[in-house]
Amino acid sequence: MKKLQMLAALMLMSAGSYAQKLPADSIFAQFYKATGGKNLWDGIKSYNLKRSYSASAATPYDAVITASIPDQSIHKNKTIMKRSFVYTVKGDQGWIKVPIGQKVDVKDLSQAEQQNMRLEMYDNLAPFIDYKNRGLIATTVGTETLNGVQVNQVELQGKGVKYNLYFDAKTGLLVRQKESQAGVETTTDLSDYAKSAYGISYPTKLVELTSTDKKPVTIKSALTVNEQVGVDLFKR
């Protein structure tokens, strides 16, 4: 009798755990709903992201990132100590412009660098956007407690990259992202969500920590969506 009671208890516990394990698409849907609605997210064609980066014992720098999703193009102007380094990926090509004195040297980006930027095109908004068509697989890991808050964890995996995404179970917002790529793990905590003029909400503060550097970097962000993208940005 005791064995039967123990077995029944274990079955109930297992059933309860299973019931709490939401499908990944349901968790993503909660995020979209909490941040403006799926229709608005589906309407994003381009975006401009202004970011400032700061860390202890390191030189702060700024970046302006512009992306056109239908064209699969992304442009990043990184300014450090008044010098601008410009990274661009357009279609199947990628290059960097490096200031050397009064001139600018243009070099091809490696295939790995180009792939990183193509991922960043989506990561800057949400890494699970259109994930199925991009060849990624999403799996719910389960629920856990993060900084005193219950979260739903989803693993998102594709060729050469894996994400572990943590969503606040109550608000639906993405609060932590771990990206593993080429042996490096980058953990980013996202907070201070604000509504853009376009209507979607996004995290205005990110704290990023890599397994190699191990020094937290604080990132402040300002997002605009579907503004006209200058074609000159994507000229080599």
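Throughout this description, residue numbers start from 1 for each chain and increase along the sequence as written. With pLDDT at 70 or above as the cut-off, local features in this predicted model cover only qualifying residues; side-chain atom pairs require 80 or more to be listed or tallied, and sums for whole chains, interfaces and linings still use all residues. Hydrogens and waters are ignored; side-chain quantities use all the structure's heavy atoms.

1. Here we look at the overall build of the protein
The helix count covers DSSP runs of H or I at least four residues long, the strand count covers runs of E at least two residues long, and both are numbered beginning at the N terminus. Tallying secondary structure elements over the protein gives four helices and 13 strands in all. Counting only C-alpha atoms, the protein reaches 85 × 40 × 30 Å along its principal axes. Only protein chains enter the area calculation, which uses a 1.4 Å probe; residues under 20% of their type maximum are buried, those over 50% are exposed, and those in between are partly exposed. A total of 236 residues make up the protein; the buried ones form 39% of that total. Within the protein, counting contacts between residues at least 6 apart in sequence, those at least 24 apart form 40% of the total. In summary, the charge assignment counts Lys and Arg as positive and Asp and Glu as negative, without counting His or the chain termini. Charge coordinates come from a single atom per side chain, which is NZ of Lys, CZ of Arg, CG of Asp or CD of Glu. Side-chain charges in the protein split into 31 positive and 22 negative, and the spacing between the mean points of these groups amounts to 2 Å. Any pair of residues with heavy atoms lying within 4.5 Å of one another is described as a contacting pair.

2. Describing the pairing of strand S4 (residues 83-90)
Think of it this way: DSSP has to see at least two bridges between two strands before they count as a pair. Of the strand pairs in this sheet, strand S3 (residues 73-80) and S4 are connected by eight bridges, and their pairing is antiparallel. What sits directly across from Thr79, in S4, is Ser84. Counting the residues that bridge the hairpin from S3 to S4 gives two residues, and of these Met81 lies at a positive phi of roughly 50°. The sheet contact formed by S4 and strand S5 (residues 93-100) spans five bridges and is antiparallel. Bridging from a neighbouring strand, Thr88 pairs with Trp95 of S5.

3. Let's talk about the nonpolar core
The term nonpolar core refers to a set of buried residues drawn from Ala, Val, Leu, Ile, Met, Phe, Trp, Tyr and Cys, joined through side-chain atoms within 4.5 Å. Counting 46 residues, the largest nonpolar core has Phe28, Trp41, Phe128 and Phe167 as the members making the most contacts within it. With five residues, the top contributor of residues to this core is helix H2 (residues 24-34). The contacts of Trp41, once residues within four sequence positions are left out, are Phe31, Tyr32, Thr35, Leu125, Ala126, Ile129, Ile200 and Ser201.

4. Quick notes on the side chain of Arg176
Here Arg176 lies in strand S10 (residues 174-181). Assessed through its relative accessible area of 17%, Arg176 is described here as buried. Of the polar contacts made by the side chain of Arg176, one reaches the side chain of Asp189; its length is 2.6 Å. Not counting residues up to four positions away in its chain, the partners in contact with Arg176 are Leu146, Asn147, Asn164, Leu165, Tyr166, Thr187, Thr188, Asp189 and Leu190. Two N or O atoms count as a polar contact when they lie within 3.5 Å, although within protein this holds only if one can serve as hydrogen donor and the other as acceptor, and sequence-adjacent residues are included solely when both atoms are side-chain atoms.

5. Here's the deal with the side chain of Ser68
Among the secondary structure elements, Ser68 is positioned in strand S2 (residues 61-68). By relative accessible area, Ser68 is classed as buried at 9%. Within polar-contact distance, the side chain of Ser68 engages the side chain of Asp71 at 3.1 Å.

6. Focus on the pairing of S10
The pairing of strand S9 (residues 161-168) with S10 spans seven bridges and is classified as antiparallel. Note on S10: the bridge partner recorded for Asn164 is Lys178. Between S9 and S10, which pair antiparallel in sequence order, lie five residues; one of them, Gly172, sits at a positive phi of approximately 85°. Where S10 meets strand S11 (residues 184-195), six bridges bridge the pair, whose relative direction is antiparallel. Note that in S11 the partner of Gln181 across the bridge is Val184. Counted between consecutive antiparallel strands, the loop separating S10 from S11 contains two residues, among which Ala182 sits at a positive phi close to 50°.

7. A few points about the environment of Glu185
Residue position: Glu185 is located in strand S11. Setting aside its immediate chain neighbours within four residues, Glu185 contacts Lys178, Glu179, Ser180, Leu209, Thr210 and Ser211.

8. Notes on the packing of aromatic side chains
Two rings from Phe, Tyr or Trp (for Trp, the six-membered ring) form a pair when their centres sit within 6.5 Å of each other. Planes less than 30 degrees apart are called stacked, planes more than 60 degrees apart edge-to-face, and all others tilted. Under the definition given, this model contains 11 aromatic pairs. Judged by centre distance (5.5 Å) and plane angle (75°), the ring pair of Phe28 and Tyr131 falls under edge-to-face. Highlighted residues: Phe28 in helix H2 and Tyr131 in the loop between helix H4 (111-123) and strand S7 (137-146), separated in sequence by 103 residues. One exposure class covers both Phe28 and Tyr131, and it is buried.

9. Here's the deal with the environment of Gly199
Within the secondary structure, Gly199 is located in the loop between S11 and strand S12 (201-210). Its relative accessible area of 14% is what places Gly199 among the buried residues. Counting along the chain gives 48 residues from Gly199 to Val151, while the straight-line C-alpha distance between them is 25 Å. In this view, Gly199 contacts Thr35, Gly36 and Leu40; residues no more than four positions away in its chain are not counted.

From the geometry alone we can't say anything about function, so treat these as descriptive.
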